[in-house]
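Geometric and topological summary
What follows is each chain in one-letter form.
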Amino acid sequence: MANSADLSTPTTEHEPQSIGTHTEEEGTEDDIFRFEDDFPDWSTGFDSSEWEGEVSDGEDGADTGGEKQYTDKNRIFKLKKFLAQLDTFYQQKKLNLLQARSELKAFHLHVAELEENRDQIELDIEREKQAENSVAVLRLRAQHKRMCAELTAEEDLGAHLVMILREHELELCQVEVELGHFLALRQELELEEKNVQSQDKKKEKLRLQREKSVIKQRRHKAQHDKIERDKVLQEQAEVHRKQQEQALASHLKAAVYLKQTLHRMKQKEAEAEERRKELIKKRQTAALTLKASFAANQETMYARKQRQKAYEQKQREQEQQMKEALEAKGLNSIEHIQRLRLQERVNKKHAEFEDTRRLAQMEIVAKLLSERNMKERRRKSPVLSHEKKRDEKLLQNILPPSAHTRREEKHLMSNPRAPCVRSYSDSNSDVSSSPESAELKFGECVEMEDKDKREMSLAQPEFTGLWEHRHKDDMVTSDENIHLETSYTTMKTDINKGLLSKAAKKSIKGRESKGPPFISKPEIILFKDCDVGKVYKKKVTLTNVTYMTNYCKLLGVSQNLKDHVSVSFEPPGPMSAGMACELEAIFRPLLDVDLDGVIHFQSATGAFSVAIKCSKKKCEMVVDHCLVDFGTHVVGQTVSRVITLTNRGALGTRYTLTPVSTGPLQQTFTSTLDSGQSGSLEMASLNAENTAEIPSGIENTHIDLGPGVSPVSSHSPDEVLTADPGSVDAKVEQSTQEPTEFSIEEAYEGEVGPFMSVKIPIIFTPTIPGEAKLDFQIMFSQPSCEPIVVSVCGVAESAPVWVTKPNIDLKICMYDRLYQDSIEVQSRASSALRLTFKVCKEMRNHMSILPKTGFIQAKSTFSAQLKFLPRQSLYADARSFFNKDTGVLEVPLTVQVADQVRPVLFTAHAVVTSSDLLFDCTELDFGHCSVYESRRISVRLTNCSLLPQEFGFMGIPKFIDVQPNDGFGTLLPSQSLDIHLIFSASKAGEYNFTLTCKTSINRDFLLSCHATGVQPSLKLSDCLVEFGGTALGDWSTAVLYVENRISTGPGAAARLFAFSVPENSDLTITPASGRVLPGQRRLVQVTFSPTLSDDVIKAEALRRRNVTSSSQHTRPDSKSKMESQVCLGKDQGSKATPTDGSPSRSPSPVDAQAGSVEYSAAKASLLRSFTERRVRHVISCFTSTSDTSEEPRYSPHETLYLELHCPAVRPALLLVSDRHTVHFGQVAVGQKVLKKVIIQNISSEFVKLTSSLLDVSGPFSVLNAMRSIGPEDTHTLLIAFTPSVAKKYYETLEVRCSQMSLEIALCAEAVNPIITCSHEGHINFDYVPENESASQVFRLQNASSLDVRFSVLLESQRLPEPGERILPVMDSTAHVGAQNHSGLSVFRVCPSGGAVPAAAAVDITVSFHPDHESLNYRDLLTVQLINRQTVCVLELRGSSCQHNMFVCGGDPVDACSESVIPSHIYTSGHQAFHKPTHYVDNKSLLVTFSSEYQEGKAIAATRKLHVGCVLGSKPATKKTLEYIWENLTPVEQQGFRVTPMQGSVDAGHRRPITITWMPSSGLAPNAVVQACALLTLRGDETAVYRVTLMAHTGRNTAT
């Protein structure tokens, strides 16, 4: 249902005001007489299931009758209700009339009483006048005057009552007239009620009769079924008995063999069950192994990722450190790093060239050796030459023929392999010089190449290998002497197998494995903390991760591991994908060194290796703290800190602590420490400058490590860097005589066991104020352990009086504002001291301390007050302390202590800022503003201060509104806020005013404004329209008026208006432009219909497509992807491209066209997930200044504005088909077409569906009723289109619920079908042999523009209607003639129905299949359309003959000599036995002649007979027919002549025989001449026809 906005339209003065009661009565009367427009929605009264059942059964006639009766009953009920309402209304009017008459009667009585009182008062006045009683006369005159006034008022009331009475009489008369109009309707209603009652009674009687007949028929049928069922049960029992006897006999025969068979089957089942259990057990074990392998692989992958990330981070840190070091030295870090990279590239290229050259030389040697061996083998065994040729042929089939020779010649020179050799040579330069290292490099290169290709695929089969261990352990020992021939033979084998593996990978369903063919668990065989002489063993699992059956062969271990590592490996044989095998690595360390190497394997897809790492016992020492900071302490205190020395290795060691002098490491560390504690160091330097008691002026620190260790002085880094060389030497000389400050207890030397820790305490005892630093070096007895340096530092102070807050931060301060803070001084002295606070003279006008002088008691505190009032002259007064750009103020202050040379220093910090607020403009001009509108201008207000400020606009005029927050708010530091000033003119005129912005510190900022008020000639009844929540696909309507306020005067004129509606909006304004006369108004309708734009729907379709594609393809591992890209970049030196060579194309939103499945799915998804959307539109309405014939001039100052608030909400209903228009297309007149519309409830609550009423007499109808549907449920509407007239139809159906309504447009076109038939009249089948067939074709041509369905009906197959008379077959007027004795139809039609395409034709084949001889086959063929229209009626005729000969052309002897009963039923067997085989009964044939005399001469009469030979499909003895006339002498004597007398006829032809009769001269008129002759036909049978010739003459026609 469309939502309408509630707009209050004021009532004009021209509208009449009516009495409430009278208005209600008129409204009731109008409602009563408008009953025809309020017809109920009868479509909702039908049961949907019953209606659908009726539609499916096709009982249109019964449905129409029931529907008509139901409509009649409802009409009667409606009429009765209407007449009852009319009677009630008449009674009400009659009652109103009686009440008016009673009121008028009471009025007349009251007036009469008043007149009597008046007359009585007049008599009393006369009487009192005569009595000369003046007082009474005056009183009576007053009463008389009042009485006369009352009578006058009553006369006015009487006139009003009379008028009301006349109105009631008039209304009563009108109602009586209306009752008279409906008198015939009332009588008709009574008659219809009687008819309905009588029909109901008849229907009840008819229903009872039908029920009785049905019950009777069902009883008879039940009895018949019972008899049949008993009979069937008896037959089944007999059959069952026989089957039991047969089964018993068979069982006795088969019992002997069955036992043996069952015994064998049980044995087989037991064996199969045992094998199945074993297989299940093996599969379970394999599944558990695979699961564990998956978990280990995940852990390995995670570890690889972490190591890769750590390595990359370490590389970045090293590069950053190198940059910092180069920049610290003053060098160009970028240029230096670039040079290093270029040098590295040159070195790599050189190494690559050397490796390539060496490999080429090795390949040449290998080829020479292989050729020499091949020659020897051929000489020894000729069979090997054939194998060689077969292998070469296999390689030629696998590899491309063009690349086969090149790959043999340049296999080792290819680019992808060079980086692998180069990287290996960089890391193992000491091994690459020997031939053995060349073998290892080549193997690792092949392995890395295969790994790069298979790295992206980590797929594994579901189960690992299931095999039996039948081989013994094979211990592979190292071979010390590996000759060049063996190594290159292995290299060649690896090359050939690599090529075969690449070819094999292409044949496995198009999938190619990447990475190594086998993965090991663990990935690296690690032997840690090994002792010489012991044996260590570890098991490794190898898993086939390729997509093919593979094998694994052990080649050996690295050269450096052959004396230490042995491998126990059992060759598993062929391994399917996912299979695993185990090996055992045994490590016997002979030397106490670290070893690294690999175990080489060979597989069908290439070589691979497993890494081995062997580490000896080591000592790894660490400390928990490399820096010990004791902080600040008073001289004389003792502070202790503990550091922990931990051994993380498996080898113990001894340690010793020794002090070291300041070196580069300590200087670096001290510089970092100084940067973090600059304030304390600065204070220490200030104290050192003012300390006069220290003779040398240098701060020294000393340590005491205990007995036997000489102390060494320690100096701070700043002293070392700033002091002269001579002073440093003096400090070193004096340090030997000073007392110690850092000391270590007895733990300066000791022993740390494996995996143990030791705690070392360090004691700080300051003796001299200042900072002390020292570095300790921890030395270890193990040479592999590097020394560890530990730095300690501490600060000592000795001042008795100090300021607790040496830095007083006043934060941010404003000019001309007072700020205060307290200064707290603390004393540790044992006596009172006098304090004097001093402020520098530059700051005395801005800062002061109270009191200036005070006494601090012993070991107590003293507080003073610091006052700061910054003025505008701060920069001029204290330029050295104040930075004007940043506003930072730093003022040094001192506290002078009595009897103390050095004063106590502290500093006051503040940031001084202004308190100004700044407008971006000083004057505002609102321009021209209509009195019906508001004009808004935004001004930017900026806070120039570093503190937040509160502001507010004070003294605002009534016509100004300040937003936001009514002109009040808070501005953050340096924040800008847009202030919206809304001007609403109350009247036309000039406006000049000033706005005042006041801050929280009572500062005012002014803003001048100017505006001009304008009053347009046109106005809108409502300037703001707020639509209700409108669902997508629904619409809301609002009505407003454009009024011309000037009705009279010089300015009165017609005005033009035009609304400017934005493009691509959901708004429609009707009319968008128009003309308003003076003093009148024009209605304008605004419609809001929210929809989803095509761009949004296409973008959603694109998003859904991307989500679907990304879910179908798994993402590769990020590390594998990165490594593959890196290797590809190194190998090819160019950017990676897609494997298929085609550039990837991103899908475009344009691909999802409107109406497609993706488009509909995306739109449904958006509708389901739609949230509330609120849109605000401001539409301009331009008005003209005058209405003349010239071009209208629109004034911009008189422009009206309409503000629309349009909220769009989620719809409750959704059309599943996403088509709001149902196109039935072209439909034939009379045809019924159904369409389904599916509506889904996408809300979260039940909704009740209703629909609008379609045209009752129209072709569209809704077949099922509306109902309530739950959330996510659907309802299917069945819409039928049944046209009766050929034209175009269009209607709108609204499906409503409480939240919204859906509008469905119904479109269709009715067309008259035009079908023509190629045949007219009849179709004849002449003399078709029995049990054979003949066919003829006629065509139906469709000349219309749509497909037309048709059906072909035969009269013989039609069921007769009740009471229809059936004509016998012998009747020549019957449409149906003789039929087949078999019961099958003699005429058959194919197809019997279908559809004729538009502007096309359909051929219909009529077949004739007789099963006996007859000349009277007839039937009637009717072609009808689906709307019961008859296209054509064809008479089908056929004749059949038993043999291949026939004679036709004579007159029928009788009406019909054929019997409906087949001849074999009544023909006796004796006659059939004695009849000759090739003899046919004599047949009679009558030929009549008629001759007339003309001009005295007789005219010869001629007739023709046709002798035919049938061409049948059955083989016959004779293909021709011979005929001969016999006994022609009597015939010729009567004047008959036959030509030819004999002859032959070929099969499939006819031959005419002409018979001519010439009457003799003496023959009387009307005389009859008769003769008989025999016509003998000889074909496959012999037939004799008795031909009777009968002739007569007519009268003489001569004149």
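All figures in this text were calculated on a predicted structure; none of them were measured in a lab. Every chain is numbered on its own, with residues counted from 1 as its sequence reads. Reporting in this predicted model follows two pLDDT cut-offs: at least 70 for local features of residues, and 80 or more for side-chain atom pairs to be given and counted; totals over whole chains, interfaces and linings ignore these cut-offs and use all residues. Values reported for side chains reflect all heavy atoms of the structure, with hydrogen atoms and water molecules removed beforehand.

Some thoughts on the overall build of the chain
Note the cut-off: Secondary structure elements are taken from DSSP: a helix is a run of H or I of four residues or more, a strand is a run of E of two residues or more, and numbering for both begins at the N terminus. Here the term buried applies to any residue with accessible area under 20% of the maximum for its type, exposed to any over 50%, and partly exposed to those in between, with areas from a 1.4 Å probe on protein chains only. Contacts between residues were defined by any pair of non-hydrogen atoms, one from each residue, lying within 4.5 Å. All accessibility values rest on the Shrake-Rupley procedure with a 1.4 Å probe; residue burial counts only the protein chains present in the view.
Counting secondary structure elements, the chain contains 22 helices and 77 strands. Burial statistics for the chain: of 1599 residues in total, 35% are counted as buried. Partitioning the contacts of the chain with sequence separation of at least 6, the portion at a separation of at least 24 is 73%. Counting every atom, the chain has about 94500 Å² of accessible surface; 52% of that belongs to carbon and sulfur.

Details of the side chain of Ser1184
Operational definition: Polar contacts, as counted here, are pairs of nitrogen or oxygen atoms within 3.5 Å of one another; within protein the pair requires one atom able to donate a hydrogen and one able to accept it, and residues that are adjacent in sequence qualify only if both atoms are side-chain atoms.
Secondary-structure assignment places Ser1184 in the loop between strand S47 (1173-1183) and strand S48 (1200-1209). Residue classification places Ser1184 among the buried positions, given a relative accessible area of 0%. Polar contacts involving the side chain of Ser1184 include one to the main-chain amide nitrogen of Leu1056, which spans 2.9 Å.

Structural notes on the sheet that holds strand S25 (residues 847-850)
What counts here: Pairing between strands requires that DSSP locate at least two bridges from one strand to the other. To obtain each axis, a line is fitted to C-alpha atoms, and for helices this fit is confined to the stretch in contact; angles are then taken between N-to-C directions over 0 to 180 degrees.
Read across the sheet, four strands follow the order S21-S23-S27-S25 without closing on themselves; strand pairing throughout is antiparallel. Each end of this open sheet is capped by a strand with a single partner; those strands are strand S21 (801-803) and S25. Across the sheet, the axes of successive neighbouring strands diverge by a mean angle of 25 degrees, strand direction being ignored. In terms of strand pairing, S25 meets strand S27 (residues 861-868) through four bridges, oriented antiparallel. Looking at the pairing, Met847 lines up with Phe868 of S27.

Some remarks on helix H5 (residues 183-328)
Inclusion rule: To estimate the expected span of a helix, subtract one from its residue number and multiply by 1.5 Å. We define the bend at each residue as the angle formed by axes fitted to the 7 residues ending at it and the 7 residues starting at it.
Helix length check: H5 (146 residues) gives 119 Å between terminal C-alpha atoms against 218 Å at 1.5 Å per residue, more than 12% under. The largest bend in H5 comes to about 50 degrees, at Ala255. Taken residue by residue, H5 has Leu185, Leu189, Glu192, Val196, Ala286, Leu290, Ser293, Ala296, Asn297 and Leu326 as its buried positions. After H5 finishes, the residue Gly330 shows a positive phi value of roughly 85 degrees.

Looking at the sheet that holds strand S37 (residues 989-999)
Across the sheet, five strands lie side by side as S31-S38-S37-S33-S35; this open sheet has mixed pairing. The open sheet has two edge strands, strand S31 (923-930) and strand S35 (968-971), and neither has a second partner. Across the sheet, the mean angle separating the axes of adjacent strands is 25 degrees when strand polarity is ignored. Direction of pairing for S37 relative to strand S38 (residues 1004-1014): antiparallel, over a ladder of 10 bridges. When the bridges of S38 are listed, Gly989 appears paired with Gly1013.

Description of the confidence of the model for the chain
Just so we agree on the cut-off: Confidence per residue, as judged by the predictor, is encoded in pLDDT with a range of 0 to 100.
Mean pLDDT for the chain: 76, with 75% of residues reaching 70 or above. Taken together, the stretch residues 383-388 has pLDDT below 50 and engages in four contacts with residues farther than four places along the chain or on a different chain. Contacts from residues 393-493, a stretch scored under 50 in pLDDT, to residues over four places away or in other chains number 184 contacts.

Some details on the nonpolar core
The following threshold applies: The nonpolar core is taken to be a set of buried Ala, Val, Leu, Ile, Met, Phe, Trp, Tyr and Cys residues, with the residues joined through side-chain atoms within 4.5 Å.
Of all hydrophobic cores here, the largest spans 36 residues; its most connected members are Ile823, Met843, Ile849, Phe868, Leu889 and Leu893. Contributions of two or more residues to this core are made by S21, strand S22 (807-814), strand S23 (819-827), strand S24 (833-838), S25, S27, strand S28 (888-897) and strand S29 (904-913). Leaving out residues up to four positions away in the same chain, Ile849 has contacts with Ile823, Phe837, Val839, Ala864, Gln865, Leu866, Leu893 and Phe906. Grouped together as the second largest cluster of nonpolar side chains are 34 residues, Leu1485, Val1531, Leu1575 and Leu1577 included.

A closer look at a nonpolar patch on the surface
Heads up, the condition is: Within the patch definition used here, like charges are joined within 9 Å and nonpolar side chains (Val, Leu, Ile, Met, Phe, Trp, Tyr) within 5 Å, considering only residues with over 30% relative accessible area and no salt bridge. Put simply, a salt bridge is a Lys or Arg side-chain nitrogen that is within 4 Å of an Asp or Glu carboxyl oxygen.
Side chains of Leu258, Leu262 and Met265 sit close together on the surface and give an oily, nonpolar patch of about 260 Å² of accessible area. Examined against the element boundaries, Leu258 turns out to sit in helix H5. Judged by relative accessible area, Leu258 falls into the partly exposed class, the value being 41%.

What to know about the pattern of salt bridges
In this structure the tally under the stated criterion is 38 salt bridges. The salt bridge involving Arg276 is made with Glu273; its shortest N-O contact spans 2.4 Å. With Arg276 and Glu273 both in helix H5 and three residues apart, the pair spans about one turn of that helix. Note on Arg276: relative accessible area 42%, which makes it partly exposed. What makes Glu273 partly exposed here is its relative accessible area of 31%. Three or more residues joined by partner-sharing salt bridges are found here, namely Glu238, Arg241 and Glu245.

Structural notes on the packing of aromatic side chains
Note the threshold: Between 30 and 60 degrees the pair is tilted, below 30 it is stacked and above 60 it is edge-to-face, where a pair is any two Phe, Tyr or Trp rings, Trp via its six-membered ring, whose centres lie within 6.5 Å. Two conditions define a charge located above a ring, namely a distance within 6 Å from the ring centre to NZ of Lys or CZ of Arg, and an angle within 35 degrees of the ring normal.
Within the structure shown, the criterion is met by 33 aromatic pairs. Counting every residue linked through ring pairs, the aromatic cluster contains Phe926, Phe959, Phe983, Tyr991 and Phe993. Between the NZ or CZ atom of Lys538 and the centre of the ring of Phe527, over which it lies, the distance is 5.9 Å. We note Lys884 situated over the ring of Tyr875; from NZ or CZ to the ring centre the distance is 5.3 Å.

A look at a negative patch on the surface
For clarity, the cut-off: Charged residues are defined here as Lys and Arg on the positive side and Asp and Glu on the negative side; His and the ends of the chain fall outside this count. For the purpose of locating charges, the reference atoms are NZ of Lys, CZ of Arg, CG of Asp and CD of Glu.
Taken together, the side chains of Glu113, Glu115, Glu116, Glu155 and Asp156 define an acidic patch exposed on the protein surface. Those elements that place two or more of their residues in the negative patch are helix H3 (60-131) and helix H4 (134-181). If one sorts the elements of the negative patch by residue count, H3 sits on top with three residues. Take Glu155: it is sitting in helix H4.

Things to note about the environment of Ala1011
Inspection of the secondary structure puts Ala1011 in strand S38. Judged by its relative accessible area of 0%, Ala1011 is buried. Distance in space between the C-alpha atoms of Ala1011 and Tyr991 is 5.0 Å, their sequence separation being 20 residues. Discounting residues that sit within four places of it in the chain, Ala1011 has contacts with Asp925, Phe926, Gly927, Phe983, Gly989, Glu990 and Tyr991.

Section: the packing of H4 against H5
The line we're drawing: Roughly parallel means an angle under 35 degrees; roughly antiparallel means over 145; roughly perpendicular covers 65 to 115; every other angle is labelled oblique. Basically, the charged four are Asp, Glu, Lys and Arg, the nonpolar ten are Ala, Val, Leu, Ile, Met, Phe, Trp, Tyr, Cys and Pro, and anything else, Gly included, counts as polar.
Contact geometry for H4 and H5: axes closest at 4 Å, N-to-C directions at 40 degrees. Classed by the angle they form, the pair H4 and H5 counts as oblique. Note on element contacts: H5 touches H4 through Leu183, Ala184 and Arg186, opposite Leu179, Gly180 and His181. Each residue belonging to the contact of H4 with H5 can be placed in one class, and the counts come to three nonpolar, two polar and one charged.

Regarding unusual backbone geometry
The step from Leu850 to Pro851 runs through a cis peptide bond, and the omega angle for that step is -10 degrees. Among the secondary structure elements, Pro851 is positioned in the loop between S25 and strand S26 (853-856). The amide bond that connects Thr1539 to the next residue, Pro1540, takes the cis arrangement and shows omega of -10 degrees. Residue position: Pro1540 is located in the loop between strand S73 (1536-1539) and strand S74 (1542-1546). The phi dihedral of Asp816 is positive, around 60 degrees, even though this residue is not glycine. You can see Asp816 is positioned in the loop between S22 and S23. The exposure class of Asp816 is partly exposed, given its relative accessible area of 46%. Of note, the phi angle at Glu1272 is positive, near 65 degrees, even though the residue is not glycine.

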